Amino acid sequence: MPQVENRRAQKRRSPSRLGEWALIAIVVLYAAGLLLAPLIAIVWGSLAEGLSAFAREMTSPDAISSLKLTMEMAVAATAINTLFGVCIAWVLVRDNFWGRRILNGLVDMPFAVSPVIAGFMLILLFGRTGWFTPLTDALGIKVVFALPGILLATVFISLPFVIREVAPVLSHVSIEQEDAAFTIGASRLLTFWHVTLPAIRWGLLYGVSLTFARAVGEIGAVLVVSGGVSRLTETSTLFIFRSLDDRNYVGANAMAVLLAAISFVILLVIELLKKRTEQTQTV
Amino acid sequence: MSAHPNLNAMKPIASARASLPWGKWGLRGTAFLYLGFMVALPLSAILQNGFSDGLAAFRSDIVNPTAFAALRLTIITAVIVTAVNAVMGTLTAYVLVRFRFPGKGLLNTVIDMPFAIPTLVTGVMLVALYGPQRTLGAWLNSHGVQVIFATPGIVLALLVITYPFVIRTVQPVLMEAERGQEEAAYTLGASGWTTFRHVVLPTITPAIVTGSLLSFARALGEFGSIVVVAGNIPGMTLTAPVYIYGQIESQNQRGASAMSILLLALSFTLIVTVEWLQGRNRSNYASG
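The structure contained in this document is the topic of the report that follows. (Residues numbered from 1 in each chain as written. Chains lettered and ligands numbered in written order. Predicted model: local features only at pLDDT ≥ 70, side-chain atom pairs only at ≥ 80, totals over all residues. Heavy atoms only, no water.)

With that out of the way, let us pick up the overall build of chain A. Along its length, chain A carries 13 helices and zero strands. Listing the helices and strands of chain A from first to last along the sequence gives α-α-α-α-α-α-α-α-α-α-α-α-α. Over its C-alpha atoms chain A spans a radius of gyration of 25 Å, topping by over 25% the 19 Å that the globule rule assigns to 283 residues. Dimensions along the principal axes, computed over C-alpha positions, put chain A at roughly 95 × 65 × 30 Å. A buried classification covers 52% of the 283 residues belonging to chain A. Once local pairs closer than 6 in sequence are excluded, the contacts in chain A between residues at least 24 apart make up 73%. Accessible surface computed for chain A: about 13,900 Å², of which carbon and sulfur atoms make up 67%. Seen as two clouds, the 23 positive and the 19 negative side-chain charges of chain A have centres 9 Å apart. (Helix = DSSP H or I, 4+ residues; strand = E, 2+ residues; numbered from the N terminus. Rg over C-alpha atoms; globule rule 2.2 N^0.38 Å. Buried < 20%, exposed > 50% of the residue type's maximum accessible area, 1.4 Å probe, protein only. Contact = heavy atoms within 4.5 Å. Areas by Shrake-Rupley, 256 points an atom, 1.4 Å probe, with all protein chains shown as cover. Lys, Arg positive; Asp, Glu negative; His and termini not counted. Charge placed at Lys NZ, Arg CZ, Asp CG, Glu CD.)

Okay, structure coming up:
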């Protein structure tokens, strides 16, 4: 009997080990087929056109100016959302008042709104018959179909990231330290700079990189707001969109590969930061 | 303050904070103004525009055949994708947390790719692989399967975009789950599947639901990848967000608003449900 038991146990173990490898194989194949195969296809495709074609497309004035605009918009939107994001995260975590839940709900809205709708909302506010058009006209500012509109759209769609990454880390930071600094006479700003900020820095950087990645890659909102009229308001994703329309597939693919490469760098930064935040949270 | 010396002694923090009320009010005000201007105001503009000609007009904007077909396509594809994600996302999270295998770290990184890569680029990549002029696309075409400019392309694009959601909500819960019960079930002779169904699954179900709802909400609004792969044929492969884009381009603002309001209401309900679920989980953890 004990022998039989033993054999049964062995039998049970070997198929379960097999089952384990089967599950691993399913997952690896699924992820590779879904995520890596298209990536390889596009890199392969642009290499097939030759590196010189890639270089030619990427050094065209349109491509360069679109890349420049994308970077400017992404940096500006990230800066704005970092500044306000930290403020809002602080208010949500440390402050208790009427309306906190409403604020909390509003923060999530940009994730619930389709990017096309986000762009459309700006048209309704600043477009030809928009609510604020009389005001902006009087001030001589063009918002929609111009750079301010693109910036507003980018800020909107990337708004929640910093808040959602900083808030949980901030709630782990002990108030005692802040108060200690405060009690020995440090000003609020000094306390924030020397006590709070170092404690939240990895979470903050994580949120900043997510914001930047989202800002670089936005198309729906920016497409609606830019109106696709002028090449002066063309970001890199809009460049791809127009190239596809013009059947300039080499250009579209080349820019797509470049943006994918940029996102990969951001992704690696994000992975590193994630490890750091996990470490600081467990300590 | 001086009337409650005990309270003061207990809460030196509060008194220290109260000494600079303008700072606190300044921050509160900033938060309200920023979110009010950036989020609340634009949302109210859409509501006002959609209902500007009354409910009957709103209704006729939605029941027109093209709009209705677009909404149906969006919801059907989102449901399919969410179902696949619930299964494959849970499986992926389980494999990542419970098993050791070479390349695990790489897989864990690759899963975040859809969060980093622009959705439009995802669309272009899918065309590069499945486009009718490409090797794989042509082969599939000759076997009667059209991916690009058809519904399978939409589903595929959504699967790529929403793959991380369920994984990233289930993973942390699985990591924190007690393995004792699982091992006990194994030792008592339960098969791997039985153990999973009766021990693991009940623990991670709320996380699966949360991740699925998030991926559903994301799928409802997706534009960048779909506009490239779908072909956008009205009544056939035109999704709701692409429909909205078309209405904006053809200056039909009210039609665009009506569809936007419907999509917003749907995803808002989903987000509120997710918040509620997460709040409930948190209080469960706190009491347990």
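Among the nonpolar cores identified, the biggest contains 174 residues, and A:Ile240, B:Val39 and B:Tyr163 are the most heavily contacted of them. In contact with B:Val39, not counting residues within four places along its chain, are A:Leu106, A:Met109, A:Pro110, A:Phe156, A:Leu159 and B:Tyr34. (Core = buried A, V, L, I, M, F, W, Y, C linked by side-chain atoms within 4.5 Å.)

All right, on to the interface of chain A and chain B then. Facing 83 residues of chain A, the contacting portion of chain B comprises 78 residues. Taken together, both faces of the contact between chain A and chain B bury some 7,500 Å²; the carbon and sulfur share is 79%. For chain A, the biggest contributors to the area lost against chain B are A:Tyr30, A:Leu35 and A:Phe120; these three give 9% of the whole. Applying the counting criterion to the chain A and chain B interface returns one salt bridge. With a shortest N-O distance of 2.6 Å, B:Arg28 and A:Asp95 are connected by a salt bridge. Our enumeration of links across chain A and chain B arrives at four residue pairs in polar contact (both at pLDDT 80 or more). The dominant element in the side of chain A that touches chain B, judged by the number of residues it contributes, is helix 1 (residues 2-48) of chain A, at 20 residues. Residues that form the side of chain A that touches chain B fall into these classes: 60 nonpolar, 13 polar and ten charged. (Buried area = accessible area lost by both parts, 1.4 Å probe. Salt bridge = Lys/Arg side-chain N within 4 Å of Asp/Glu carboxyl O. Polar contact = N/O pair within 3.5 Å; in protein donor to acceptor, adjacent residues only side chain to side chain. Nonpolar A, V, L, I, M, F, W, Y, C, P; charged D, E, K, R; others polar.)

Residue and element names in this part refer to chain B. Under the criterion given, the structure shown has twelve salt bridges over all chains. For the salt bridge of Asp112 with Arg168, the shortest nitrogen-to-oxygen distance reads 3.1 Å. One end of the pair, Asp112, is in the loop between helix 6 (104-110) and helix 7 (113-116); the other, Arg168, is in helix 10 (residues 151-176), and 56 residues separate them in sequence. Residue classification places Asp112 among the buried positions, given a relative accessible area of 5%.

Our focus in this paragraph is the environment of B:Glu249. If you trace the backbone, B:Glu249 turns up in helix 14 (residues 240-249). Sequence separation of B:Glu249 and B:Thr77 is 172 residues, and the distance between their C-alpha atoms is 24 Å.

Here we take up the packing of helix 4 (residues 54-63) of chain B against helix 5 (residues 65-98) of chain B. Residue and element names in this part refer to chain B. Close contact between helix 4 and helix 5 brings their axes to 5 Å; oriented N to C, the two are set at 65°. One element, helix 4, and the other, helix 5, form an angle in the roughly perpendicular class. Taking contact as the criterion, the partners of Asp61, Ile62 and Val63 in helix 4 are, on helix 5, Pro65, Ala67 and Phe68. Broken down by class, the residue content of the contact of helix 4 with helix 5 amounts to five nonpolar, no polar and one charged. (Axes fitted to C-alpha atoms, helices over the stretch in contact; angles between N-to-C directions. Parallel < 35°, antiparallel > 145°, perpendicular 65-115°, else oblique.)

All names here are of chain B. Their axes nearest at 8 Å, the elements helix 10 and helix 12 (residues 192-221) cross at an angle of 150°. The angle between helix 10 and helix 12 places the two elements in the roughly antiparallel class. Crossing angle aside, the handedness with which helix 10 passes helix 12 is right-handed. Residues Leu158, Ile161, Thr162, Phe165, Val166, Thr169, Val170, Val173 and Leu174 of helix 10 form the contact with helix 12, whose own contacting residues are Val200, Thr203, Ile204, Ala207, Ile208, Thr210, Gly211, Ser212, Leu214, Ser215, Arg218 and Ala219. Looking at the contact of helix 10 with helix 12 residue by residue, the class counts come to 13 nonpolar, seven polar and one charged. (Left-handed = near helix turned anticlockwise from the far one by under 90°.)

Before going further, it helps to spend a moment on the packing of aromatic side chains. On inspection of all chains with the given rule, the structure shows twelve aromatic pairs over all chains. For the ring pair A:Phe126 and A:Phe132, a centre distance of 5.6 Å and an interplane angle of 35° mean the geometry is tilted. Given the relative accessible area of 11%, A:Phe126 is considered buried. When the centroid spacing of 5.4 Å and the interplanar angle of 80° are considered together, the rings of B:Phe115 and B:Phe165 count as edge-to-face. Highlighted residues: B:Phe115 in helix 7 and B:Phe165 in helix 10, separated in sequence by 50 residues. The rings of B:Tyr94, B:Phe99, B:Trp193 and B:Phe196 are connected pair by pair, giving a single aromatic cluster. B:Arg28 extends its terminal NZ or CZ atom over the ring of B:Trp25, reaching a point 4.3 Å from the ring centre. (Phe/Tyr/Trp six-rings, centres within 6.5 Å; stacked < 30°, edge-to-face > 60°. Lys NZ or Arg CZ within 6 Å of the ring centre and 35° of its normal.)

Quick look at empty space enclosed by the protein now. All names here are of chain A. Going through the model one piece at a time under the given rule, you end up with six cavities of 30 Å³ or more. Volume-wise, the largest cavity comes out at about 50 Å³. What lines the largest cavity is simply Thr70, Met73, Ala74, Ile150, Thr154, Ala215, Val216, Glu218, Val222, Thr235 and Thr237. Every element with two or more residues in the lining of the largest cavity is listed here: helix 3 (61-94), helix 7 (147-157) and helix 10 (188-217). Split into classes, the residues belonging to the lining of the largest cavity amount to six nonpolar, four polar and one charged. (1 Å grid on protein atoms, 1.4 Å probe; cavity = no way out; pocket = protein on both sides within 12 Å on 5 of 7 lines; lining within 4 Å. Points joined across faces, edges and corners; volume = space filled by probe spheres on them.)

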